[in-house]
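A structural walkthrough
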Amino acid sequence: MIISGILSPAFLKVRNILNIFWQTSYVGIIAIGATFVMIAGGIDLSVGSMVALLGAFAIEVVNKLGDNFLSVLVAILATYGLSVLLGLATGITVTKGKVPAFVVTLGGMAIYRSLVLNFANGGVYMSMSQKYSSIGMSFVLGIPFPMLIFILYATIAHIILSGTKLGRYVFAVGANETSAYYSAIKVDWVRIWTYVISGVSVTTSAILLSSMMGSVSSSSTGNGFELDAIAAAVIGGTSLNGGKGSIIGTFFGALILGVINNMLVMLNVAVYLQGTVKGLIIIGAVFLQNLSRE
Amino acid sequence: MDEFILETKGISRDFSGVRVLHSVDSSFKRGIIYGIVGENGAGKSTLMKIISGFLQPTEGKIIVDGKETNLNPLKAKALGIVLIPQELNLVDSLRVYENIFLGNEISGKILLRKKEMIERSRELIERFNLVISPLRMLSELSPAEKQLVEIIKAISKNARLLIMDEPTSTLSEREVENLFNLIKRMKGEGITVIFISHRLKEVKEIAEEIIVLRDGRKVFQGPAKDLSEREIAEMMVGRKLSEMYPEKPKPKENVVFKVEDFSSVDGKVKDANFEVHEGEILGFYGLVGSGRTELMETIIGIRKKLRGKIIFKGEELSINSPWEAKDRGIVYLPEDRKSAGIIEILESYKNTTLMNLEKHIQLLLKKSSEVSTFNSYVDWFSIKVRSPYQIAKTLSGGNQQKVVISKLVETGAKLFIFDEPTRGVDVNAKRQIYRIMRDLIDKINATFIVVSSDLPEIIGISNRVYVMRSGRIVAELQEKEISEKNLIYHATGV
């Protein structure tokens, strides 16, 4: 932060910091869901495409039902419903079907993207609803709505992970699946629930993002979100081997990632090279985790 | 040639500032079998890792063939010093000969010379009168056979000093005998063997010289034949042993648990019939692979049942999963603590409360309630732990096992199925675990089924014993009939 402040005075302006927070919210919310999946020893690569699919779905439902409060509500509920189904399907395929999570969600990544591309014919879903678009652009007490949801979402997730039976089981299953099973924990269902939580997180993000933008691009919305979400969790101390991690860690991991992204822009690093930096950060974070374990 | 193949002079070792080995002098002659004994944490493994180059000493010298040497794993290997760890270094998905030559492959310019490796493997195997085909997949072998493959692998690298860490912990009596024959043949070829075990009877049987470690210090090195098991055990714990086993419980008349015509889908358990009285410790003995563990896993719902009835407290139960068993008051202590019992990277108290979190929920999980439950077990079971938040991995084996037992007791279960409850646990912790079992019978009206390969244990604690062979229960021994001879007779069928 200090370094970027010196390098680029624009960085420290309140407005810029608020912007970073705001920009980070979308990936941050998804990263919170990913944290559950990863602590339970899984991985979810499908979140980026899922953002596009669910965002497009929400817009389409509102467009069909008309521009009023009720149709927006129905659209949001229907999108959450769809994501719960997708999460269940992923979780059941991984656990009961014994297909590795990497494969199932890699497949999901391709499937969701191709579906949204197909329905949009490669183009863009535009929202025709003022009501819907007002969600993502609203401010509460001068704070951008997405940012508020991010903080609220992280707080609830933290309580679930550290204060409930499900949260404890998520850690137990990720730390040692066999011991958890012998301890009479319904291991499969714990893992299925983590994919549902991931899906719900994606919905939350997709609604905020698509309403803010007023549109979803079938080809580019959500691209690379899976990388950012995993990076945020890993930077925050979540182990790719499962059993370790925290929501607070992921929250700050996401913010750090946001700061780095912002710095790269301010310092005029070529857009194309930003992926290189992120890739190196993930690899470096895991490397450091391994070092500290020894 | 120097008389000693290896000597240590004043070896000390610190781990993060804590001294775990204190100036150990030891010496190993050619072609002699050494037994190293000590409680868990006495420094056996650390000393062996230093001798085989995997750890560097903080102070002191290692002398190999009369020359002071700085060892690392590669150099140790080149000098013929080979360590066979407790968890074997073999690859399940490779064949026997591929494992033997793993990292040591014979190859031509480009391709591996498979025929030559198979032939060499066969020679090695035959040289030690073993019958294992070099072409079999490792995954098809029994734990005992895998052990033998690991030894053959060591010999193929021209081992001169072979260190075996707890090689017998998963073996049955007869397999141990096979292993001992192999060790004696190696001795005949001039190989020095260092044998680490918790089973004093075995150490006394095979070792010519015994080294006793206690709290990181060598307290004895000398000929084995002058010592009794009791004397060795007393040196290990540093005080007189009161009796190892508590008085046997007095079971009630009523049958609390009954299994009828029980078979598993995979055929590992066939037509099992047995019953347990309330407050009884019922032993199950048999060789590895005789179906004891499989029978218990079928009862608890981990393995699929083909047919049969379970009757608990007069009620017929249908159990298809560990959670159904738990709800009915039946819990299982798995034989493999590390992979199925303890959760190593969780804090100790979280292990204890894992199976009954409901007790600690007041809207949310209440940490203070969990910790106080854990602390009550620290007192009751004498668990040695720095704090409830200590990561379970850093506890000794015995303390880990006590934590796992506390987790099971927390469920409020009345029937405890313990599979190898004292495996890899030191003498003191063993005694404590037997006393905990007795205590549970007296205080919470518990009943125990104990599967064990440890003969003295089975004899020492059981009211009755069923013996299994090839998936069937072949004998029921009443208290007076339980003897080493009877158990082995029924288990082997000879």
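Now for a quick tour of the structure.

The rules behind these values
- Residues numbered from 1 in each chain as written.
- Chains lettered and ligands numbered in written order.
- Predicted model: local features only at pLDDT ≥ 70, side-chain atom pairs only at ≥ 80, totals over all residues.
- Heavy atoms only, no water.
- Helix = DSSP H or I, 4+ residues; strand = E, 2+ residues; numbered from the N terminus.
- Rg over C-alpha atoms; globule rule 2.2 N^0.38 Å.
- Buried < 20%, exposed > 50% of the residue type's maximum accessible area, 1.4 Å probe, protein only.
- Contact = heavy atoms within 4.5 Å.
- Areas by Shrake-Rupley, 256 points an atom, 1.4 Å probe, with all protein chains shown as cover.
- Lys, Arg positive; Asp, Glu negative; His and termini not counted.
- Charge placed at Lys NZ, Arg CZ, Asp CG, Glu CD.
- Phe/Tyr/Trp six-rings, centres within 6.5 Å; stacked < 30°, edge-to-face > 60°.
- Lys NZ or Arg CZ within 6 Å of the ring centre and 35° of its normal.
- Pairing = 2+ DSSP bridges.
- Axes fitted to C-alpha atoms, helices over the stretch in contact; angles between N-to-C directions.
- Core = buried A, V, L, I, M, F, W, Y, C linked by side-chain atoms within 4.5 Å.
- Parallel < 35°, antiparallel > 145°, perpendicular 65-115°, else oblique.
- Nonpolar A, V, L, I, M, F, W, Y, C, P; charged D, E, K, R; others polar.
- Salt bridge = Lys/Arg side-chain N within 4 Å of Asp/Glu carboxyl O.
- Buried area = accessible area lost by both parts, 1.4 Å probe.
- Polar contact = N/O pair within 3.5 Å; in protein donor to acceptor, adjacent residues only side chain to side chain.

Moving on, we get to the overall build of chain A. Broken down by element type, chain A carries 13 helices and 4 strands. For a compact globule of 294 residues, the expected C-alpha radius of gyration is about 19 Å, and chain A comes in at 19 Å, within 12% of that figure. If one aligns the C-alpha atoms of chain A with their principal axes, the spans along those axes are about 55 × 50 × 35 Å. Expressed as a percentage of its 294 residues, the buried residues of chain A come to 53%. Restricting to contacts in chain A with at least 6 residues of sequence separation, those with at least 24 account for 79%. On chain A, roughly 12900 Å² of surface is accessible, and the fraction owed to carbon and sulfur atoms is 72%. One way to put it: in chain A the 14 positive side-chain charges average out to a point 6 Å from where the 8 negative ones average out.

Scanning the entire structure with this criterion turns up 23 aromatic pairs over all chains. With a centroid separation of 4.9 Å and an interplanar angle of 80°, the aromatic rings of F28(B) and Y34(B) are classed as edge-to-face. Relative accessible area serves as the criterion here: at 0%, F28(B) is assigned to the buried category. Overall, Y34(B) belongs to the buried group, its relative accessible area being 0%. In this structure an aromatic cluster arises from ring pairing among F257(B), F274(B), F284(B), F312(B) and Y466(B). Above the ring of F171(A), the side-chain terminus of K350(B) is found at 5.9 Å from the ring centroid.

With that out of the way, let us pick up the environment of M137(B). Residue and element names in this part refer to chain B. Along the polypeptide, M137 turns up in the loop between α4 (114–127) and α5 (143–156). Taking the C-alpha atoms as reference points, M137 and R337, separated by 200 residues in sequence, lie 26 Å from one another. Filtering out sequence-adjacent residues up to four positions away, M137 remains in contact with D92, S93, L94 and R95.

This brings us to the sheet that holds strand β16 (residues 330–333) of chain B. Residues and elements named next belong to chain B. The strand order across the open sheet formed by 6 strands is β16-β19-β20-β13-β21-β22, and the pairing between neighbours is mixed. Where the open sheet ends on each side, the last strands, each with one partner, are β16 and β22 (472–477). Geometrically, the sheet is characterised by an average inter-axis angle of 20° between neighbouring strands, direction not taken into account. Alignment of strand β19 (residues 415–419) against strand β20 (residues 447–451), held across 5 bridges, turns out to be parallel.

Turning our eyes to something else, we now look at the nonpolar core. Ranked by internal contacts, the top residues of the largest apolar core, which has 89 residues, are L162(B), I183(B), M186(B) and F448(B). With 8 residues, the top contributor of residues to this core is helix α15 (residues 427–444) of chain B. Ignoring sequence-local partners within four residues, the contact set of I183(B) consists of I33(B), M164(B), V193(B), F195(B) and I206(B). Within the second largest apolar cluster, 81 residues are counted, among which are A34(A), V173(A), L208(A) and A233(A).

All names here are of chain A. Closest axis-to-axis distance for the helix α7 (residues 145–163)/helix α12 (residues 247–266) pair is 9 Å, and the angle between their directions is 150°. It follows that α7 is roughly antiparallel to α12 by the angle criterion. Of the residues in α12, those in contact with F150, I151, A154, A157, H158 and L161 of α7 are I247, I248, F251, A254 and L255. The class makeup of the residues in the contact of α7 with α12 is 10 nonpolar, 1 polar and no charged.

Further remarks concern the pattern of salt bridges. Residues and elements named next belong to chain B. One pass over the full model with this rule turns up 37 salt bridges over all chains. As a salt-bridge pair, D271 and R472 come within 3.3 Å of each other at their nearest N and O atoms. Of this pair, D271 sits in the loop between β11 (255–264) and β12 (272–277) while R472 is found in strand β22, placing the two residues 201 residues apart along the sequence. R472 gets classed as partly exposed once you look at its relative accessible area, which sits at 39%. One salt bridge in this structure joins E297 and R303, with 2.9 Å as the shortest N-O distance. E297 gets classed as buried once you look at its relative accessible area, which sits at 9%. Classification of R303 by relative accessible area gives partly exposed; the value is 23%. If you follow the salt bridges from partner to partner, you end up with R292, E335, E420 and R423 in one network.

The extent of an interface is frequently quoted as the accessible surface area lost upon association of the parts. Between chain A and chain B, the residue contacts involve 22 residues of the former and 28 residues of the latter. Carbon and sulfur atoms supply 66% of the area buried between chain A and chain B, which totals about 2100 Å² over both sides. Across the chain A-chain B interface, the total number found is 2 salt bridges. Linking chain A with chain B are 12 residue pairs in polar contact (both at pLDDT 80 or more). Among the secondary structure elements, those contributing two or more residues to the side of chain A that touches chain B are α7, α8 (165–175) and α9 (177–182) of chain A. Per-element accounting of the side of chain A that touches chain B gives the leading share, 6 residues, to α8(A).

By themselves, these observations are geometric and do not establish any function.
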